[in-house]
Amino acid sequence: MAKAAKPRSKFNRAKAAELFAALAADRPDPRTELDFVNPFTLVVAVALSAQATDVGVNKATKKLFAVADTPERMLALGEAGVAGYIKTIGLWRNKAKNVIALSKKIIDDFGGEVPRTRDELVTLPGVGRKTANVVLNEAFGEPTIAVDTHIFRVSNRTGLAPGKTPDHVEAGLERITPPDFKKGAHHWLILHGRYVCKARTPECWQCAISHLCAFKPKTRDPEAPAIPKRAPLNRR
């Protein structure tokens, strides 16, 4: 039985460039909303953000990073010590275990420095492809794209890079995103999904790329005057 064809982008490279140019104009300086002070604390923050909000993670890590901003200091806290700082975050027990394990591995296998390749990063406990891509992009300036729920939604809803899995969407974005926009693409898409192209009610009336987006019907401004209904035809 033949495999179903993968969904194809509704954009060509020129139209994709127009989309990213509009997002760039709307948010000229995109960056992660997670607080961090170095590559190590970024790895920890992103690992903690799974199934948690950036706001919630930042509240917990503000005090944690004040006392443990290196793998050595984090390891010295121990699992119970880390847990004491992150109990407000979902899955905190398992995350505390992973933070200690990844700190130890960074010390033992990488000389205390966060590795700079995806293959090495994903060997760290609690670090998957998405986390690795975020770290490569934000900490080391690599043009990687990390597909989270916001990027997955925006990519499918707009038709920019439709796909049934995050890996499919990532591959589609890698193909369609012009080189000049690749470094910022991850941030533009995630912030657009978080604040405009929301899951339940996309705010199409204030969307910078509404004219390019394949999503229909567009959501109307709830404060706009209602469109009067047409009177029924008087047929005789």
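Here's a quick rundown of the structure. (Residues numbered from 1 in each chain as written. Predicted model: local features only at pLDDT ≥ 70, side-chain atom pairs only at ≥ 80, totals over all residues. Heavy atoms only, no water.)

As for its placement among the helices and strands, Ser 103 is situated in helix α5 (residues 92-110). Taking relative accessible area as the criterion, Ser 103 reaches 0% and is therefore assigned buried. There is a polar contact of 2.7 Å between the side chain of Ser 103 and the backbone oxygen of Val 99. Residues contacting Ser 103, with those up to four places away along its chain left out, are Phe 40, Pro 71, Met 74 and Leu 75. (Helix = DSSP H or I, 4+ residues; strand = E, 2+ residues; numbered from the N terminus. Buried < 20%, exposed > 50% of the residue type's maximum accessible area, 1.4 Å probe, protein only. Polar contact = N/O pair within 3.5 Å; in protein donor to acceptor, adjacent residues only side chain to side chain. Contact = heavy atoms within 4.5 Å.)

On to empty space enclosed by the protein, then. The final tally for this structure, using the stated rule, is one cavity of 30 Å³ or more. Along the wall of the largest cavity there are 14 residues; nearest its centre are His 192, Cys 197, Cys 204, Cys 207 and Cys 213. Residue composition of the lining of the largest cavity, grouped by class: eight nonpolar, three polar and three charged. (1 Å grid on protein atoms, 1.4 Å probe; cavity = no way out; pocket = protein on both sides within 12 Å on 5 of 7 lines; lining within 4 Å. Points joined across faces, edges and corners; volume = space filled by probe spheres on them. Nonpolar A, V, L, I, M, F, W, Y, C, P; charged D, E, K, R; others polar.)

So, about the packing of aromatic side chains. Within the structure shown, the criterion is met by three aromatic pairs. With a centroid separation of 6.4 Å and an interplanar angle of 45°, the aromatic rings of Phe 20 and Trp 188 are classed as tilted. Here the residue Phe 20 occupies a position in helix α1 (residues 13-26), and Trp 188 occupies one in helix α10 (residues 182-195), the gap between them amounting to 168 residues. With relative accessibility at 0%, the residue Phe 20 sits in the buried group. The ring centre of Phe 215 lies 5.1 Å from the NZ or CZ of Arg 157, which sits over that ring. (Phe/Tyr/Trp six-rings, centres within 6.5 Å; stacked < 30°, edge-to-face > 60°. Lys NZ or Arg CZ within 6 Å of the ring centre and 35° of its normal.)

The omega torsion across Lys 216 and Pro 217 is -5°, close enough to zero to call that bond cis. Even without a glycine there, the phi angle at Gln 51 is positive, about 55°. For Gln 51, the position within the fold is in the loop between α2 (39-48) and α3 (54-67). A relative accessible area of 71% means that Gln 51 is categorised as exposed.

The next point concerns the environment of Asp 109. Topologically, Asp 109 is positioned in helix α5. For the pair Asp 109 and Glu 120, spaced 11 residues apart in the sequence, the C-alpha separation amounts to 9.8 Å.

Structural measurements only, silent on function.
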